[in-house]
Amino acid sequence: MSSYLITCTPAHGHVVPLLQIARHLLSQGHEVSFLTSRRYADRVANAGARFLPLPGEAEIDLDDADGAFPERVGLTGPAALRFDMSNLFVRPGAAQLSAVRAELAARPVDAVLTEPLFVGGALLQLLPEQDRPPVVVLGIFPLGARSKDTAPFGLGVTPSPGPIGRLRNAALRTVAEKVIFGGVQKEADAMARREVGRDLGGFVLDWAGRSDAYVQFTVPEFEYPRADLPASVHFAGPLPASASDAPLPSWWADLDGSRPVVHVTQGTIANSDFGQLVLPTITALAAADVLVVVSTGGRPLDALAGRLPDNVRVAEYLPYDRLLPLTDVVVTNGGYGGVQQSLAHGIPLVVAGQTEDKVEVCARVGWSGAGVNLRTSTASPRQVGDAVTRVLTDPSFRANAERIGAAMRDSDAWAALDSVLSGTVESWPHMSIAPGA
């Protein structure tokens with residue numbers, strides 16, 4: 001058996017899937033330590049992993065970034081992107097690396113498993129191989145590997161084929177790396193020189209593609225084709241959906257197939273303003289011959305103030321393993337896990353998300369033909385209504401969702417992960433010795 005150190009930025013959407021991976025590794029008999037915020041100590045312990053706290057300089061609440069950084073409030077566009085990359089991800093990198101190095105000195109491991117926005121992982125993989133274990137990236141949001149066939153990650157720009165498309169990508173890359181993120185890149189390179197004696201070796205958002213192994217939790221059918229895909233990238237398929245213990249609401253019998261079911265959600269974090277997507281969907285479909293099923297993501301039901309139309313059903317949480325087989329369209333702000341869970345059931349989508357990695361998730365939904373990308377975070381009722389009508393009446397959306405879903409159902413994320421990890425550990429020329437080995 002092997003010993004692994006999992007490192008994770010302090011964000012709910014990062015911690016939850018990495019804890020799922022930790023539980024799998026533990027079930028296989030491996031030793032797992034988990035480095036993240038103290039806010040998640042109980043969750044890590046409940047998963048059975050050994051909890052390690054990030055140092056204070058890296059202890060940032062990414063789920064309440066405005067509270068941590070009041071100066072962030074009101075920033076939009078490139079200014080917001082630069083602020084987030086610098087303050088939320090790059091600057092904590094040195095403290096992250098320090099914590100990782102201290103742990104490795106005390107307890108050598110066979111591999112460090114991290115996610116792409118943990119910049120301490122980027123710094124660690126710059127060290128000589130004899131001074132570190134292999135660094136394996138866990139792709140829990142869309143693939144960010146640099147390619148001549150794709151635009152820079154974070155812009156939400158879909159591929160354009162041929163030489164013209166590659167010229168466009170090169171131009172966008174220059175603008176992103178030299179103009180939009182030029183200052184951030186200089187800051188990241190300076191930090192790398194201070195910590196490990198060399199530059200990052202490329203654009204900060206592309207570092208995962210230079211790691212020792214990159215396990216991407218999706219299928220190629222839901223990713224942009226890249227002729228120059230690094231050999232380190234391995235498609236594993238989506239993480240398996242966990243069985244839900246959410247109780248069935250009293251209205252569950254209404255899902256009897258007598259009319260199409262449209263499910264709308266803003267997830268469990270980006271749901272402070274239901275005016276972005278949930279309320280527009282309710283308004284848009286109030287007179288439609290559909291059943292609108294709303295999940296508030298844990299918020300109290302009275303957060304949807306006012307009288308709801310007769311065709312709306314609401315619950316704080318819903319058992320997705322039972323809901324999705326009964327659903328015809330999912331309307332969502334584009335969380336990677338939820339989108340892939342819907343596609344695995346062959347359900348087409350309407351997506352509206354332009355923040356964090358959601359802009360890239362939504363772009364892939366539109367590009368793949370599995371749904372409609374509204375290209376906004378705050379949709380109007382007309383936009384949602386027109387998109388839902390398109391998805392319900394044009395069979396190509398369902399066909400494309402089913403095509404991707406079939407590939408997802410044929411995948412085995414755990415077998416793929418186990419294969420990559422065992423191969424990486426066994427072939428590492430300077431393999432660390434796990435405790436007790």
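A quick note: this is a predicted structure, and the numbers were derived from the prediction, not measured.

**Looking at the pairing of strand β11 (residues 329-332)**
Item 1. Neither face of β11 is left uncovered, since the one carrying Val329 and Val331 and the one carrying Val330 and Thr332 both have all their residues buried.
Item 2. Two strands pair when backbone bridges link them, and strand β8 (residues 261-265) and β11 are joined in this way by four bridges, in the parallel orientation. When the bridges of β11 are listed, His263 appears paired with Val330.
Item 3. The sheet contact formed by β11 and strand β12 (residues 349-351) spans three bridges and is parallel. Considered in β12, the bridge of Thr332 is made with Val351.
Item 4. Handedness of the crossover joining β11 and β12 through helix α11 (residues 336-344) is recorded here as right-handed.

**Observations concerning the pattern of salt bridges**
Item 1. A full pass over the atoms with the stated rule returns 22 salt bridges.
Item 2. Measuring nitrogen to oxygen at the nearest pair gives 3.9 Å for the salt bridge that ties Arg107 to Glu31. Of the two residues, Arg107 sits in the loop between α5 (93-106) and β4 (111-114) while Glu31 sits in strand β2 (residues 31-36), which places them 76 residues apart along the sequence.
Item 3. Residue Arg107 is classed as partly exposed on the basis of its relative accessible area, which comes to 30%.
Item 4. In this structure, a network of salt bridges that share partners links the residues Glu31, Arg50, Glu103 and Arg107.

**Let's talk about the nonpolar core**
Item 1. With 101 residues, the main nonpolar core has Leu25, Phe34, Leu113, Phe217, Phe222, Leu343 and Leu417 as its most contacted residues.
Item 2. If we skip the residues at most four places from it in the chain, Phe217 touches Ile21, Leu138, Gly139, Ile140, Ala236, Gly237, Pro238, Leu239, Tyr336, Gln340, Ala413 and Leu417.
Item 3. Judged by nonpolar contacts, the second largest core, of 25 residues, contains Leu285, Leu304, Val372 and Val384.

**So, the sheet that holds β4**
Item 1. Pairing is parallel in the open sheet, where seven strands are placed in the order β3-β2-β1-β4-β5-β6-β7. Of all the strands in the sheet, just β3 (50-53) and β7 (233-235) have a single pairing partner and so form its edges. Taking each pair of neighbouring strands and ignoring which way they run, the sheet shows an average axis angle of 25°.
Item 2. Taken together, the five bridges between strand β1 (residues 3-7) and β2 define a ladder with parallel strand orientation. Within the sheet, the bridge partner assigned to Ser3 lies in β2 and is Glu31.
Item 3. Packed onto the sheet, helix α1 (residues 12-27) meets β1, β2, β4 and β5 (135-139) and runs at close to 165° relative to β2.
Item 4. Along the sheet, helix α15 (residues 413-427) contacts β1, β4, β5, β6 (213-216) and β7; its crossing angle with β6, the most-contacted strand, is approximately 175°.

**Description of unusual backbone geometry**
Item 1. Backbone geometry places Arg375, a non-glycine residue, at a positive phi of 55°.
Item 2. Along the chain, Arg375 turns up in the loop between β13 (371-373) and α13 (381-393).

**Section: the UniProt feature "domain: Erythromycin biosynthesis protein CIII-like C-terminal" (unreviewed entry) in the protein chain**
Item 1. In the numbering used here, UniProt assigns the feature "domain: Erythromycin biosynthesis protein CIII-like C-terminal" (unreviewed entry) to residues 283-408.
Item 2. Annotated as residues 283-408, this span is 42% helix and 15% strand, and its ends, taken at the C-alpha atoms, are 33 Å apart.

**As for the sheet that holds β13**
Item 1. The parallel open sheet is built from six strands, whose spatial order is β10-β9-β8-β11-β12-β13. The outermost strands of the open sheet, each flanked by one partner alone, are β10 (312-315) and β13. Looking at each pair of strands side by side, their axes are set apart by 15° on average, direction ignored.
Item 2. With five bridges connecting them, β8 and strand β9 (residues 291-295) associate as parallel partners. Bridge pairing links Val261 to Leu291 in β9.

**Some points on helix α8 (residues 182-196)**
Residues spaced three or four apart along an α-helix point in a common direction, a consequence of the helix completing one turn every 3.6 residues.
Item 1. In this model α8 runs 21 Å from its N-terminal to its C-terminal C-alpha over 15 residues, within 8% of the 21 Å that 1.5 Å per residue would give.
Item 2. Along α8, the residues that are buried comprise Gly182, Val184, Gln185, Ala188, Asp189, Met191, Ala192 and Val196.
Item 3. Phi turns positive, to about 85°, at Gly197, one or two residues after α8.

**Some remarks on the packing of aromatic side chains**
Item 1. Tallied over the entire structure, the rule returns four aromatic pairs.
Item 2. When the ring of Tyr224 is compared with that of Trp367, the centres are 5.0 Å apart and the planes differ by 90°; the resulting orientation is edge-to-face. Here Trp367 lies in helix α12 (residues 358-368) and Tyr224 lies in the loop between β6 and β7, a separation of 143 residues in the sequence.
Item 3. Judged by relative accessible area, Tyr224 falls into the buried class, the value being 5%.
Item 4. On the accessibility criterion, Trp367 (32% relative accessible area) is partly exposed.

**Some thoughts on empty space enclosed by the protein**
Item 1. As enumerated under the stated definition, the model contains one cavity of 30 Å³ or more in all.
Item 2. Thr150, Ala151, Pro152, Phe153 and Asp206 are, among the 18 residues lining the largest cavity, the residues nearest its centre.
Item 3. Elements that contribute at least two residues to the lining of the largest cavity include exactly α7 (162-180) and α12.
Item 4. When its residues are assigned to classes, the lining of the largest cavity shows eight nonpolar, three polar and seven charged.

Procedures and definitions
Residues numbered from 1 in each chain as written. Predicted model: local features only at pLDDT ≥ 70, side-chain atom pairs only at ≥ 80, totals over all residues. Heavy atoms only, no water. Buried < 20%, exposed > 50% of the residue type's maximum accessible area, 1.4 Å probe, protein only. Helix = DSSP H or I, 4+ residues; strand = E, 2+ residues; numbered from the N terminus. Pairing = 2+ DSSP bridges. Right-handed = clockwise from strand over helix to strand, strands pointing away. Salt bridge = Lys/Arg side-chain N within 4 Å of Asp/Glu carboxyl O. Core = buried A, V, L, I, M, F, W, Y, C linked by side-chain atoms within 4.5 Å. Contact = heavy atoms within 4.5 Å. Axes fitted to C-alpha atoms, helices over the stretch in contact; angles between N-to-C directions. UniProt positions renumbered as here; feature names shortened; annotations may be inferred. Expected span 1.5 Å × (residues − 1). Phe/Tyr/Trp six-rings, centres within 6.5 Å; stacked < 30°, edge-to-face > 60°. 1 Å grid on protein atoms, 1.4 Å probe; cavity = no way out; pocket = protein on both sides within 12 Å on 5 of 7 lines; lining within 4 Å. Points joined across faces, edges and corners; volume = space filled by probe spheres on them. Nonpolar A, V, L, I, M, F, W, Y, C, P; charged D, E, K, R; others polar.

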